[in-house]
Amino acid sequence: GGVSDRSSVSPSPQPLPPRAWNAPQVQYRVQWRQLEPAGGPWQEQIVGGPPLVLGDTPTFSPYELRVQAINEVGKGPEPPLVTGYSGEDVPLVYPENVGVEIVNSSSVRVEWSLQEDPK
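Residues numbered from 1 in each chain as written. Predicted model: local features only at pLDDT ≥ 70, side-chain atom pairs only at ≥ 80, totals over all residues. Heavy atoms only, no water.

The protein chain appears in an unreviewed UniProt entry as NGCA protein from Indicator maculatus.

On to the overall build of the protein chain, then. Per the secondary structure count, the protein chain includes 0 helices and 7 strands. Of the regular secondary structure in the protein chain, the N- to C-terminal order runs β-β-β-β-β-β-β. Within the protein chain, the fraction of its 119 residues that count as buried is 26%. A separation threshold of at least 6 residues defines the contact pool for the protein chain, and within that pool the share at least 24 residues apart is 52%. (Helix = DSSP H or I, 4+ residues; strand = E, 2+ residues; numbered from the N terminus. Buried < 20%, exposed > 50% of the residue type's maximum accessible area, 1.4 Å probe, protein only. Contact = heavy atoms within 4.5 Å.)

This part takes up unusual backbone geometry. Positive phi, close to 55 degrees, is recorded for Asp56, a residue that is not glycine. Looking at the element boundaries, Asp56 is found in the loop between strand S2 (43-47) and strand S3 (62-71). Of the residues examined, Asp56 reaches a relative accessible area of 79% and is grouped as exposed. Of note, Phe60 is a non-glycine position whose phi angle comes to about 40 degrees, a positive value. On the secondary structure map, Phe60 appears in the loop between S2 and S3.

A few words on the pattern of salt bridges. Summed over all chains, the structure comprises 2 salt bridges. Where Glu44 meets Arg29, a salt bridge forms, and the shortest distance between an N and an O atom there is 3.1 Å. In this pair, Glu44 sits in strand S2 while Arg29 sits in strand S1 (residues 27-34), placing the two residues 15 residues apart along the sequence. The exposure class of Glu44 is partly exposed, given its relative accessible area of 43%. Accessibility expressed as a relative area gives 15% for Arg29, which makes it buried. (Salt bridge = Lys/Arg side-chain N within 4 Å of Asp/Glu carboxyl O.)

Topologically, Glu96 is positioned in strand S6 (residues 93-104). Placed 17 residues apart in sequence, Glu96 and Ser113 show a C-alpha to C-alpha distance of 5.4 Å.

Attention shifts here to the nonpolar core. Counting 9 residues, the largest nonpolar core is built from Val26, Tyr28, Val30, Trp32, Val47, Leu52, Leu54, Tyr63 and Leu65. For this core, the elements supplying multiple residues, two or more each, are S1 and S3. In terms of residues, this core owes the most to one element, S1, which gives 3 residues. (Core = buried A, V, L, I, M, F, W, Y, C linked by side-chain atoms within 4.5 Å.)

Our focus in this paragraph is a nonpolar patch on the surface. A cluster of nonpolar side chains, contributed by Val98, Val100, Ile102, Val108, Val110 and Trp112, occupies part of the molecular surface with about 640 Å² of accessible area. Contributing elements (two or more residues each) for the nonpolar patch: S6 and strand S7 (107-116). Following the sequence through the fold, Trp112 ends up in strand S7. (Patch = residues over 30% accessible without salt bridge, like charges linked within 9 Å, V, L, I, M, F, W, Y side chains within 5 Å. Areas by Shrake-Rupley, 256 points an atom, 1.4 Å probe, with all protein chains shown as cover.)

Next up, the structure:
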């Protein structure tokens, strides 16, 4: 799963190479359901390939996703479930007291504190 903005989820199936199709015209059966509340209904859509953007999702909410290859002969193997998240909202706080310490030639430590937005 991927994320495109704060109100969508964007599952990104890896397209199968043509040699793995075993029949013409591979498509993808994308299924998803929100994890909270638990046991929500599955929804699905058949697409020709990525991307598929699921809009109007709540902010930073977990979804169960599965993507299955299908063609005119039938369905591919049952896909594993993966968890994806819709996007996060705009920050409500901003960092202050930012400090940087050089640890060694390939690392630095960055520290900050959060301050509520005065708006």
